[in-house]
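Coordinate inspection notes
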Amino acid sequence: MTVLRTEGAETPEPVPEETKRRWNTPELRKKLSKRLFIGAVVAWAVVITVLVGVRDGGDEEVTAAPVVSPSASAGPLTVAEVYQALAPSVVLIETTGHDSANKLEAGTGTGVIANADGTVLTALHVVDGAESIRLTYADGTKAAAAIASKTPEQDIATITPEKLPETLVPAVLGGGAGIGDDVVAIGNPLGLTWSTSSGVVSGLERTLNRENGADIEGLIQFDAAVNPGNSGGPLINDRGQVIGVVVALANPTDAGTFIGIGFAVPIGAALGGGEGDGQAPPL
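The present account deals with the structure reproduced in this document. Remember, it's a predicted structure, so these values are computed and weren't measured experimentally. (Residues numbered from 1 in each chain as written. Predicted model: local features only at pLDDT ≥ 70, side-chain atom pairs only at ≥ 80, totals over all residues. Heavy atoms only, no water.)

Looking only at helices and strands, the protein features four helices and 13 strands. Per-residue burial over the protein gives 37% buried out of 283 residues. In the protein, the share of contacts with a sequence separation of at least 24, taken over all contacts with a separation of at least 6, comes to 62%. With an accessible surface of roughly 16800 Å², the protein has 54% of that area assigned to carbon and sulfur atoms. (Helix = DSSP H or I, 4+ residues; strand = E, 2+ residues; numbered from the N terminus. Buried < 20%, exposed > 50% of the residue type's maximum accessible area, 1.4 Å probe, protein only. Contact = heavy atoms within 4.5 Å. Areas by Shrake-Rupley, 256 points an atom, 1.4 Å probe, with all protein chains shown as cover.)

Turning to its location among the elements, Thr-158 is positioned in strand 6 (residues 156–161). A distance of 2.5 Å separates the side chain of Thr-158 from the side chain of Ser-149, its partner in a polar contact. Ignoring anything within four residues of it in the chain, the contact list for Thr-158 reads Thr-119, Val-120, Leu-121, Ala-146, Ile-147, Ala-148 and Ser-149. (Polar contact = N/O pair within 3.5 Å; in protein donor to acceptor, adjacent residues only side chain to side chain.)

Bringing the nonpolar core into the picture now. Within soluble globular proteins, side chains that are nonpolar tend to cluster in buried spots. The biggest cluster of nonpolar side chains holds 40 residues, and the ones touching the most others in it are Ile-93, Leu-135 and Ile-159. Among residues more than four places away in sequence, those in contact with Ile-159 are Ile-93, Gly-118, Thr-119, Val-120, Val-127, Ile-133, Leu-135, Ala-145, Ala-146, Ile-147 and Ala-148. With 13 residues, the next largest nonpolar core counts Ala-185, Val-201, Leu-235 and Leu-249 among its residues. (Core = buried A, V, L, I, M, F, W, Y, C linked by side-chain atoms within 4.5 Å.)

This brings us to the environment of Thr-160. Position of Thr-160 among the secondary structure elements: in strand 6. Note: C-alpha distance between Thr-160 and Ala-146 (14 residues apart in sequence) is 5.4 Å. With residues near it in sequence (within four places) discarded, Thr-160 still touches Ala-144, Ala-145, Ala-146 and Ala-148.

We now examine the side chain of Thr-136. Mapped onto the elements, Thr-136 comes out in strand 4 (residues 132–136). By relative accessible area, Thr-136 is classed as buried at 7%. Among all residues touching Thr-136, those that are not within four sequence positions of it are Val-91, Leu-92, Glu-94, Thr-141, Lys-142 and Trp-194.

So, about unusual backbone geometry. In this structure, Asp-155 is a non-glycine residue whose phi angle is positive, near 55°. Mapping Asp-155 onto the fold places it in the loop between strand 5 (142–151) and strand 6. Phi is positive for Trp-194, which is not a glycine, with a value near 50°. Mapped onto the elements of the fold, Trp-194 is located in the loop between strand 8 (182–187) and strand 9 (195–208).

Right, let's talk about the pairing of strand 6 for a bit. Burial within strand 6 is extensive, with five of its six residues counted as buried. As defined by bridge partners, strand 3 (residues 120–123) adjoins strand 6 across four bridges and the pair is classed as antiparallel. Bridge pairing in strand 6 links Thr-122 to Ala-157. The antiparallel hairpin formed by strand 5 and strand 6 contains four residues in its connecting segment, where Asp-155 sits at a positive phi of about 55°. (Pairing = 2+ DSSP bridges.)

Moving on, we get to the pairing of strand 12 (residues 241–249). For strand 12, the tally of buried residues reaches nine of nine residues, placing the bulk of the element in the interior. Across two bridges, strand 7 (residues 172–173) lies against strand 12 in parallel orientation. Within strand 12, the residue paired with Leu-173 across the bridge is Val-242. Here three bridges tie strand 11 (residues 234–237) to strand 12, and the two strands are oriented antiparallel to one another. Note on strand 12: the bridge partner recorded for Pro-234 is Val-245. Once strand 11 ends, the chain turns through three residues before running back antiparallel as strand 12, passing Gly-240 with a positive phi of about 80°. Sheet analysis places strand 12 next to strand 13 (residues 262–266), joined by five bridges and oriented antiparallel. Following the sheet pairing, Gly-244 is matched in strand 13 by Pro-266.

As a further point, take the pattern of salt bridges. One pass over the full model with this rule turns up two salt bridges. Between Asp-128 and Lys-150 there is a salt bridge, and its shortest N-O distance comes to 3.2 Å. Linking Asp-128 in the loop between helix 3 (124–127) and strand 4 with Lys-150 in strand 5, this pair joins segments that are 22 residues apart in sequence. With a relative accessible area of 29%, Asp-128 lands in the partly exposed category. Assessed through its relative accessible area of 18%, Lys-150 is described here as buried. (Salt bridge = Lys/Arg side-chain N within 4 Å of Asp/Glu carboxyl O.)

So, on to the environment of Gly-107. In this structure, Gly-107 sits in strand 2 (residues 104–113). Residues Gly-107 and Leu-190, spaced 83 residues apart in sequence, show a C-alpha to C-alpha distance of 9.9 Å. The residues contacting Gly-107, other than those within four sequence positions of it, are Ile-93, Glu-94 and Thr-95.

Pasting the structure below:
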């Protein structure tokens, strides 16, 4: 390396040549051998672990449908992110039945996949009395279904499909609601499938008075737009958790359209389960 110096400066003493490092010494060979031995032990431990795992698994063949297990977000999500995460867990429910004049009627509603076995949670009045129930999943798969349980005091039902989609995506259930919390509703209002709306929790512990049947208490009031067809759909917080099941809307007229007040059964109450005959709220 060239060293620059000012004119007239004394010539520096020569730098002694660096002693060459000796690699082939007994000490270094000992350290290298020790490291190689440790590496071999670790590798052998990994092999043993794999072999034990395979042996314990047995020879039985296990076949299971693909299941995606989402988890709640650690931080707030945008409405678009909530929709992307939960839309695959939402189903369209179509029913047929007969009225008192024995005329064929058809209805639509919404449900949410609540379990890895494909169980769908919905509002009881969506499916109660139906002669046939058909589900359509987000991927287009269609399946017949039957009522598995009823909770008339909360207007909640679970239904079991005869067939599952190729990839099943259960929703994350849970989480509390606080006044002012952001919420998202996903459903099939007026036949407009997989629609989403957003708003806030407007009130808690609301009571819905029903003409036929006992009142429903402890409801979540929210202002995300919902209309006929949203019944049974999920009310979701900004962490992607289903905190309620939409069951009704309030309207002082007979129009049956949304004016800013919707109601949902808290998810804890919705999961209570039970049997009986249900009554239909306004939605």
